[in-house]
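Chain residues, written in single-letter form:
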Amino acid sequence: MRDELERVFQNRDLGEIRSARVIDSYQNQVFDVFATSGHYVVKYYEDELIHKRKAQVEVSQKWQANGINCILPIGDFYKGERGYYIVYEYFENEPRKSLDNDDIKKLAEIQAKMHQMSINSSLPCDYQEISLDIQREGLQDLIQKCNKGIANAKKELVISHNDYKPKNILWHANEPYLVDFDAVSKVNPTAAAYESAFTFAYEKGSVDVDKFRCYLKEYQKHYHFNQSDYLKYVSMNGKLRWLMFIYSKDWRRDLELMKEVDDLVFELEVFNKYISM
C-alpha cells in the first residue's frame, strides 16, 4: 500500500514520504506518516463506506464553521485503486488524562452546541436491538431496558459525535479540539448526554458523581433535556453494539480483545448499577 500512499501525497503536494507505519487496522487502516513537508495521519476506507464517511466529514466541517474546534482533513478524499484515502496533519497535543469540572462544563456545552445545530444529513441513526448471550444479571437487565427504549428514543434525533470521549478530544491552549468522526450519526440528544456524562465521570472502575452531575447540569443550560428513565439505558446502546461487534469476532483467541470485553462488561455493569440507584 506504500505506492498508493505516495500517490496520495503527490496529489496533495505534500512532498516525499520518509516513513509510514500502520497504527490501527481493526476497522479501518490508519497510517502514521512522516513526509518531507511534515507529520501526518492518513485514513484508508473501503469503497462501501465512503458515502457515510464523506457525510461525517461534512458534518465536522459544519461544526468547525459554527465555532466547534475540529481537526479537519487536508483536502477531499483521494480515490486510489484499492479504496479511498484522507489526510490529516498530525496534531501534537494529546488527550487530557484528568478532567476538572471546568473541563467538564466546556465539553457539555460543546455537545449541547452540536445538538442545537440543524444539519441536513443522510447519516443514519445507528440504534439497534441488542442480542448478547452473556450470563451476567446486571448486563442482561441493561440490555432489556435499552431495547425497550429504542423506539421512543428515535422520536427525537440530532447529529452528534457519538464517540465523544477523552481519547477523541485533544487540548490546545486550554481549548478542546475534536478528532475521529467515524462514529458521527443521528442519536437522541438526552441519551447522548447521559452517555457522555458517564464516560467523562467513569474513573478507575467507579463513577465520579460530582462530574456526572456537573456534566448534565451544564448540558441542560444549553439544550433541553428529557427526564424519561428509558433514555438513561438507551445511552449505552453504542457501547453494547460495540460489545456485540466484538462478540461476532474470534475474540477469545486475542488477549487484547479478551481484556477489552472484560473491561467493557464491567463498565456497563457499573453504569447499570449507578443509574438504577
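1. Details of the overall build of the protein
Phase 1: Of regular secondary structure, the protein possesses nine helices and 11 strands.
Phase 2: For 277 residues, the compact-globule formula gives about 19 Å, and the C-alpha radius of gyration of the protein, at 19 Å, lands near that figure.
Phase 3: C-alpha extents for the protein along the principal axes are approximately 60 × 45 × 35 Å.
Phase 4: By the burial criterion, 48% of the 277 residues in the protein qualify as buried.
Phase 5: Taking the intrachain contacts of the protein between residues at least 6 apart in sequence as the baseline, contacts between residues at least 24 apart amount to 70%.

2. Things to note about the packing of aromatic side chains
Phase 1: Under the counting rule described, the total for this entry stands at 15 aromatic pairs.
Phase 2: Summarising the aromatic geometry, the rings of Phe212 and Tyr274 are spaced 5.1 Å apart at their centres and angled 80 degrees between planes, so their arrangement reads as edge-to-face. Of the two residues, Phe212 is situated in helix α6 (residues 209-222) and Tyr274 in helix α9 (residues 255-275); the sequence distance between them amounts to 62 residues. Side by side, Phe212 and Tyr274 carry an identical accessibility label, which is buried.
Phase 3: Residues Trp242 and Phe245 carry aromatic rings whose centres are separated by 5.3 Å and whose planes lie at 20 degrees to one another, so their mutual orientation is stacked. Here Phe245 and Trp242 lie together in helix α8 (residues 237-247), a separation of three residues that amounts to about one turn.
Phase 4: Judged by its relative accessible area of 27%, Phe245 is partly exposed.
Phase 5: One aromatic cluster is present, formed by Tyr194, Tyr219, Tyr223 and Phe225 through successive ring pairs.
Phase 6: Sitting above the plane of the Tyr84 ring, Lys79 keeps its charged end 5.4 Å from the centroid.
Phase 7: A cation sits over an aromatic face here: Arg96 above Trp171, 4.1 Å from the ring centre.

3. Focus: α6
Each α-helix winds once per 3.6 residues, and so residues spaced three or four apart point in a common direction.
Phase 1: Taking 1.5 Å of rise per residue, 14 residues should cover 20 Å, and α6 covers 21 Å from first to last C-alpha, within 8% of that figure.
Phase 2: If you check which residues of α6 are buried, you get Lys211, Phe212, Cys214, Tyr215, Leu216, Glu218 and Tyr219.
Phase 3: Against the buried residues of α6 lie α3 (101-116), α5 (189-201), β10 (202-203), β11 (206-207) and α9.
Phase 4: Two to three positions downstream of the cap, the backbone nitrogen of Asp210 sits 3.2 Å from a side-chain oxygen, assigning the N-cap of α6 to Asp208.

4. Some thoughts on the environment of Ile159
Phase 1: Looking at where Ile159 falls in the secondary structure, it is placed in strand β6 (residues 158-160).
Phase 2: According to the relative accessible area criterion, Ile159 is buried, its value standing at 4%.
Phase 3: Taking the C-alpha atoms as reference points, Ile159 and Val59, 100 residues apart in sequence, are found 8.2 Å from one another.
Phase 4: When near neighbours in sequence (up to four residues on either side) are disregarded, Ile159 contacts Val59, Trp63, Met114, His115, Ile119, Ser121, Leu123, Val184, Ser185 and Lys186.

5. With respect to the pattern of salt bridges
Phase 1: Applying the stated criterion to the full structure yields 22 salt bridges.
Phase 2: Of the charged contacts in the structure, one is a salt bridge between Arg82 and Asp3, with a shortest N-O distance of 3.6 Å. Taken as a pair, Arg82 in the loop between β4 (74-79) and β5 (84-89) and Asp3 in helix α1 (residues 2-11) lie far apart in primary sequence, 79 residues in all.
Phase 3: Here Arg82 falls in the partly exposed class, since its relative accessible area comes to 40%.
Phase 4: For Asp3, a relative accessible area of 34% translates into the label partly exposed.

6. Focus on the environment of Asp24
Phase 1: Within the secondary structure layout, Asp24 lies in strand β1 (residues 17-24).
Phase 2: You can call Asp24 partly exposed: its relative accessible area is 37%.
Phase 3: When the C-alpha positions of Asp24 and Lys43 are compared, they lie 9.3 Å apart, and in sequence the two are 19 residues distant.
Phase 4: In contact with Asp24, other than residues within four places in its own chain, are Gln29 and Val30.

7. Regarding α8
Phase 1: Listed as buried for α8 are Asn237, Lys239, Leu240, Arg241, Leu243, Met244 and Ile246.
Phase 2: The inward-facing, buried residues of α8 contact α4 (137-153), α5, α7 (230-234) and α9.

8. Brief notes about the packing of α3 against α5
Phase 1: Look at α3 against α5: their axes get within 11 Å of each other, and the N-to-C directions meet at 160 degrees. Between α3 and α5, the angle falls in the class roughly antiparallel. Here α3 and α5 pass one another in a crossing that is right-handed. Residues Ile104, Leu107, Gln111 and His115 of α3 form the contact with α5, whose participating residues are Pro189, Ala192, Ala193, Ser196 and Phe200.

Analysis parameters
- Residues numbered from 1 in each chain as written.
- Predicted model: local features only at pLDDT ≥ 70, side-chain atom pairs only at ≥ 80, totals over all residues.
- Heavy atoms only, no water.
- Helix = DSSP H or I, 4+ residues; strand = E, 2+ residues; numbered from the N terminus.
- Rg over C-alpha atoms; globule rule 2.2 N^0.38 Å.
- Buried < 20%, exposed > 50% of the residue type's maximum accessible area, 1.4 Å probe, protein only.
- Contact = heavy atoms within 4.5 Å.
- Phe/Tyr/Trp six-rings, centres within 6.5 Å; stacked < 30°, edge-to-face > 60°.
- Lys NZ or Arg CZ within 6 Å of the ring centre and 35° of its normal.
- Expected span 1.5 Å × (residues − 1).
- Polar contact = N/O pair within 3.5 Å; in protein donor to acceptor, adjacent residues only side chain to side chain.
- Salt bridge = Lys/Arg side-chain N within 4 Å of Asp/Glu carboxyl O.
- Axes fitted to C-alpha atoms, helices over the stretch in contact; angles between N-to-C directions.
- Parallel < 35°, antiparallel > 145°, perpendicular 65-115°, else oblique.
- Left-handed = near helix turned anticlockwise from the far one by under 90°.

Purely geometric numbers; function is a separate question.
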